[in-house]
Amino acid sequence: QVQLVESGGGLVQAGGSLRLSCVASGSTFSILHMGWYRQAQGKQRELVARISSSAYATYVESVKGRFTISRDNAKNLVYLQMNSLKPEDTAVYYCNAGPNIATMYSMGYWGNGTLVTVSS
């Protein structure tokens, strides 16, 4: 019912910036919460940032002050502005969405990911 497509990944030098975008299509009325996860090579997938339909945002401690999540409900878009990027931020970034914050990871919708590579 819902499809998510990420874009905006690429190669950037340490200290640089990127903005990721995720567009949702289909039965988007059911989407209340959206978020970004990332998975680095050989590591677990981790929550980076999450935003509610009312625009309340939370972040993992390692990106606070550097990343900003935002959304445009009218256009079914969610963004992740990433500044002061570090090599440790290198990962595939995935968009996640669902009606319930408690189940969005396990039962929500996922995009196919976009690769972010930060060089030293």
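Predicted model only: the values in this text are computed from it and were never measured.

Caption draft 1: Just the side chain of Asp 89, in detail. Relative to the assigned elements, Asp 89 resides in the loop between β8 (77–82) and β9 (91–98). Engagement of the side chain of Asp 89 in a polar contact is seen with the backbone nitrogen of Lys 86, the distance being 2.8 Å. When residues no more than four places from it in sequence are discounted, the contact partners of Asp 89 are Arg 38, Arg 66, Phe 67, Ser 84, Val 116 and Val 118.

Caption draft 2: Representation of the packing of aromatic side chains within the structure. This model, assessed by the stated rule, comprises 4 aromatic pairs. Centre to centre, the rings of Tyr 37 and Tyr 105 are 5.2 Å apart; their planes meet at 55°, and the pair counts as tilted. Of this pair, Tyr 37 sits in strand β4 (residues 33–39) while Tyr 105 is found in helix α1 (residues 104–107), placing the two residues 68 residues apart along the sequence. Pairing Tyr 94 with Trp 110 gives two aromatic rings, centres 6.5 Å apart and planes at 80°, and the pair type is edge-to-face.

Caption draft 3: Here's a closer look at the sheet that holds strand β3 (residues 18–26). The strand order across the open sheet formed by 4 strands is β1-β3-β8-β7, and the pairing between neighbours is antiparallel. Looking at the sheet topology across the chains shown, the edges are occupied by β1 (2–7) and β7 (67–72). Strand-to-strand twist in this sheet, taken as the mean axis angle between neighbours without regard to direction, amounts to 15°. Summarising the sheet, β7 and β8 pair through 6 bridges and their orientation is antiparallel. Bridging from a neighbouring strand, Arg 71 pairs with Val 78 of β8.

Quick notes on the rules
Residues numbered from 1 in each chain as written. Predicted model: local features only at pLDDT ≥ 70, side-chain atom pairs only at ≥ 80, totals over all residues. Heavy atoms only, no water. Helix = DSSP H or I, 4+ residues; strand = E, 2+ residues; numbered from the N terminus. Polar contact = N/O pair within 3.5 Å; in protein donor to acceptor, adjacent residues only side chain to side chain. Contact = heavy atoms within 4.5 Å. Phe/Tyr/Trp six-rings, centres within 6.5 Å; stacked < 30°, edge-to-face > 60°. Pairing = 2+ DSSP bridges. Axes fitted to C-alpha atoms, helices over the stretch in contact; angles between N-to-C directions.

Function cannot be read off these values alone, since they describe shape.
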